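Tertiary structure, described
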Amino acid sequence: MSTAAGLRHDLLWQKVTIAIPYVWLLVYFLAPFAIILKISLADPVIAQPPFTPFFDSQGDITATSDNYSFLLTDKLYAVTYLKSVFMALVATLLCLALGFPMAYGIARADESTRNLLLLLIVLPFWISFLLRVYAWMGLLNNYGVINNVLMWLNVIDKPIAFMYTDFAIYVGLVYSYLPFMVLPLYATLERMDLDLVEAAQDLGARPSQAFWDVTWPLARPGVIAGCLLVFIPAMGEYVIPYLLGGPESLLIGRVLFDEFFVNRDWPLASAVAIVLLLILVVPIVFLQRSQARDAEGHA
Amino acid sequence: MKPRSRFILSVLAFGYAFLYLPLASVIVYSFNDSRLATVWGGFSTRWYGELLDNDQVLDSAFLSLRIALTVATLATIFGTMAGMALSRFSRFRGRTLFSGMITSPMVMPEVITGLSLLLLFVSMQQLVGWPAQRGFGTITIAHTTFAMAYVAIIIQSRLSAMDESLEEAAMDLGGRPLRVVFDITLPLIAPAMIAGWLLAFTLSLDDLVISSFVSGPGASTLPMLIFSKVKLGVTPDINALATLIILFVSSGVLIAWWVSRRSQRQSA
């Protein structure tokens, strides 16, 4: 029985369903960004908490742009941002180069193998990220598994220093983010009509031509989604450069972490975060657009 | 694809070896008797024994489990609400902002999320005196915020793949919207809710960076403890701990896969 009171009750319930997660996200996701912005305009002081208040005792605003001008003038930060962008880009391309043929192979396997292969892609994602990075420390060490095997095979007579290099960071990034590349690629490749490729080849296209003219354009939504899902988190990565990289391989995530925990300069760390966020706004909006389009395509 | 298939097969083999060899080597070395993690000193299970005697490890594992259970439950409730709002209530004010806030936490670099939440907690403490101390509560709030986004996406995609006709039929027959949700919609999305709960649980158990920011003195989760040990290099007791986690998670995932495959075959 739907009575007027009952319907009002239901509408109220609908509002509550929206309001609870909405308010939670406003308070714990959106509001913190306003606070980061505010603190990035403060001066560091030795106090608890270690920054100057936004309003002084007379109620005047005490904002300063010192942190930003410091970031812009100090070469170290510019170099670190550029290096982070570069390394995240290279890691994204490496993931794509390895992930595309894998996703293609999985999408073309017969159904029972396909499910198992997909499961094996997802499984590492469920196992602790930290421990997976740690596993590479044991492999890449000077006395680690890879060097031991190479020396045992007499390929080398001295261990190669893999650890604490950019190479080790790339290995860690590709290893950790490969599933994020393979899954969206698989989703588009699996939906693709294989007859189109065969038709192109029947009409005389060489395999490489059929790939670039048919497969690649059709796979593009997956390529874009996969690349963004790897690039954005890789930009702010902290654990991988800390454990596998050397003291010179400073990435911005690690600089932010150290600025905060080691130097206890909260305002500067906030400014570092705001600039990182500005760099990432474009790819994040791009990703949301592509996912919204994808959701509409399904409906 | 025939002329390509040898290339594809070798990339697949390389890719899977790349994903699984590091895990295999951790498992093998966890049974190494030698304290030097890289020299093989014979088979032994002594590191497992030492692990179980280590109170620090047990305490932090217990804290992590308590947080993960709370987070998974809260994130499933809020995430299901958010997913339903996004896919069933098509128009409401601020919808664009809402869907943006749902997808952003998933890709936001953890250092930014962690820093921003800590600064929020510190400011709130100055203003209203809450949270008085950081630990279980603040970590739970932080984890719930990003985990509910994952749950919402799972629920949303399940609901948009699902036919609305069952719900419409129930309403046509006079069912009130709220009854329809509890009698029709929720039972239909229950598998997605379970998947979301498990994902939220895993994400919470795994998080290091955000916990490091929002935790206070004295409260250290299992990943925080592992990180503080691992910073100094490879150690045999961490190998043993990693092996336990790898075996536990893999068997859980494989059993879930096997059960769902069997139930699919039965319904087919």
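1. Here we look at the overall build of chain B
When helices and strands are counted, chain B shows 11 helices and zero strands. The order of α-helices and β-strands along chain B, N terminus first, is α-α-α-α-α-α-α-α-α-α-α. Over its C-alpha atoms, taken along the principal directions, chain B stretches across nearly 75 × 65 × 35 Å. Out of the 268 residues in chain B, the part that is buried amounts to 51%. Counting only contacts in chain B whose residues sit at least 6 apart along the sequence, the fraction spanning at least 24 positions is 67%. Of the roughly 12800 Å² of accessible surface on chain B, 65% is carried by carbon and sulfur atoms. Charge-centre separation for chain B: the mean point of 19 positive side chains lies 8 Å from the mean point of 15 negative side chains.

2. Focus: the overall build of chain A
Helices and strands together make up the secondary structure of chain A, namely 12 helices and zero strands. Starting at the N terminus and ending at the C terminus, chain A contains elements arranged as α-α-α-α-α-α-α-α-α-α-α-α. A compact globule built from 299 residues would reach a C-alpha radius of gyration of about 19 Å, whereas chain A, at 25 Å, exceeds it by more than 25%. By principal-axis analysis of the C-alpha atoms, chain A measures approximately 80 × 80 × 35 Å. Taking contacts inside chain A between residues at least 6 apart in sequence as the whole, the part at least 24 apart equals 69%. Distance between charge centroids for chain A: 2 Å, based on 16 positive and 23 negative side chains.

3. Remarks on unusual backbone geometry
For the bond from Trp130(B) to Pro131(B), the omega torsion is -5 degrees, close enough to zero to count as cis. The residue Pro131(B) is located in the loop between helix 5 (110-128) and helix 6 (136-161) in this model. At Asn154(A), a residue that is not glycine, the phi angle is positive and equals roughly 60 degrees. Summarising the element assignment, Asn154(A) is placed in the loop between helix 6 (145-152) and helix 7 (166-191). Even without glycine at this site, Arg264(A) takes up a positive phi of about 50 degrees. Tracing the sequence through the fold places Arg264(A) in the loop between helix 11 (252-261) and helix 12 (266-298). Look at Arg264(A) and you get partly exposed, because its relative accessible area is 41%.

4. Focus: the interface of chain A and chain B
With 92 residues of chain A in contact, the opposing surface of chain B contributes 87 residues. When the area that chain A buries against chain B is broken down by residue, the three leading residues are Tyr28(A), Trp126(A) and Tyr134(A), summing to 9%. Our count for the contact surface shared by chain A and chain B stands at zero salt bridges. Summed over the shared surface of chain A and chain B, the result is 12 residue pairs in polar contact (both at pLDDT 80 or more).

5. Topic: the environment of Asn54(B)
Residues and elements named next belong to chain B. Tracing the chain through its elements places Asn54 in the loop between helix 2 (46-53) and helix 3 (55-88). For the pair Asn54 and Asp237, spaced 183 residues apart in sequence, the C-alpha to C-alpha distance is 10.0 Å. A distance of 3.0 Å separates the side chain of Asn54 from the backbone nitrogen of Gln56, its partner in a polar contact.

6. Structural notes on a negative patch on the surface
A cluster of acidic residues, Asp193(A), Asp195(A), Glu198(A) and Asp202(A), forms a negative patch on the protein surface. Of note, Glu198(A) is situated in helix 8 (residues 194-202).

7. Comments concerning the confidence of the model for chain A
Summary statistics for chain A give a mean pLDDT of 87 and a share of 94% for residues scoring 70 or more. No element of chain A has a lower mean pLDDT than helix 8 of chain A, which averages 81, and none a higher one than helix 3 (residues 75-108) of chain A, which averages 94.

8. Quick notes on the packing of helix 7 of chain A against helix 1 (residues 5-29) of chain B
Taken N-terminus to C-terminus, the directions of helix 7 of chain A and helix 1 of chain B make an angle of 105 degrees; their axes are 10 Å apart at the nearest point. Classified by the angle their axes make, helix 7 of chain A and helix 1 of chain B are roughly perpendicular. In this structure, helix 7 of chain A contributes Val171(A), Val174(A), Tyr175(A) and Leu178(A) to the contact, and helix 1 of chain B contributes Phe18(B), Leu19(B), Pro22(B) and Leu23(B). For the contact of helix 7 of chain A with helix 1 of chain B, the residue count by class is eight nonpolar, no polar and no charged.

9. A word on the packing of aromatic side chains
Applying the stated criterion to the full structure yields 32 aromatic pairs over all chains. With centroids separated by 5.7 Å and ring planes inclined at 40 degrees, the aromatic side chains of Phe162(A) and Phe167(A) adopt a geometry described as tilted. What makes Phe167(A) partly exposed here is its relative accessible area of 44%. Measuring from ring centre to ring centre gives 5.5 Å for Tyr175(A) and Phe18(B), while their planes differ by 90 degrees; the resulting arrangement is edge-to-face. In this pair, Tyr175(A) sits in helix 7 while Phe18(B) sits in helix 1, so the two residues belong to two different chains.

10. Some points on the pattern of salt bridges
All names here are of chain A. Under the counting rule described, the total for this entry stands at eight salt bridges over all chains. Note that Asp258 is salt-bridged to Arg254, the shortest N-O span being 3.8 Å. Note that Asp258 and Arg254 are positioned in helix 11 at a spacing of four residues, about one turn of the helix. Classification of Asp258 by relative accessible area gives partly exposed; the value is 21%.

11. As for the side chain of Arg114(A)
All names here are of chain A. Relative to the elements of secondary structure, Arg114 occurs in helix 4 (residues 111-126). A relative accessible area of 16% means that Arg114 is categorised as buried. When neighbours within four sequence positions are excluded, Arg114 is seen to be in contact with Ile106, Ala107, Ala109, Tyr186 and Glu190.

12. Regarding the packing of helix 11 of chain A against helix 5 of chain B
The N-to-C vectors of helix 11 of chain A and helix 5 of chain B enclose an angle of 25 degrees; their axes lie 10 Å apart at closest approach. Accordingly, the angle class assigned to the pair helix 11 of chain A and helix 5 of chain B is roughly parallel. As helix 11 of chain A packs across helix 5 of chain B, the resulting crossing turns out to be left-handed. Listed contacts from helix 5 of chain B to Gly253(A), Leu256(A), Phe257(A) and Phe260(A) of helix 11 of chain A are Val111(B), Leu115(B) and Leu118(B). Partitioning the contact of helix 11 of chain A with helix 5 of chain B into residue classes produces six nonpolar, one polar and no charged.

What counts as what
Residues numbered from 1 in each chain as written. Chains lettered and ligands numbered in written order. Predicted model: local features only at pLDDT ≥ 70, side-chain atom pairs only at ≥ 80, totals over all residues. Heavy atoms only, no water. Helix = DSSP H or I, 4+ residues; strand = E, 2+ residues; numbered from the N terminus. Buried < 20%, exposed > 50% of the residue type's maximum accessible area, 1.4 Å probe, protein only. Contact = heavy atoms within 4.5 Å. Areas by Shrake-Rupley, 256 points an atom, 1.4 Å probe, with all protein chains shown as cover. Lys, Arg positive; Asp, Glu negative; His and termini not counted. Charge placed at Lys NZ, Arg CZ, Asp CG, Glu CD. Rg over C-alpha atoms; globule rule 2.2 N^0.38 Å. Buried area = accessible area lost by both parts, 1.4 Å probe. Salt bridge = Lys/Arg side-chain N within 4 Å of Asp/Glu carboxyl O. Polar contact = N/O pair within 3.5 Å; in protein donor to acceptor, adjacent residues only side chain to side chain. Patch = residues over 30% accessible without salt bridge, like charges linked within 9 Å, V, L, I, M, F, W, Y side chains within 5 Å. pLDDT = per-residue confidence, 0-100. Axes fitted to C-alpha atoms, helices over the stretch in contact; angles between N-to-C directions. Parallel < 35°, antiparallel > 145°, perpendicular 65-115°, else oblique. Nonpolar A, V, L, I, M, F, W, Y, C, P; charged D, E, K, R; others polar. Phe/Tyr/Trp six-rings, centres within 6.5 Å; stacked < 30°, edge-to-face > 60°. Left-handed = near helix turned anticlockwise from the far one by under 90°.

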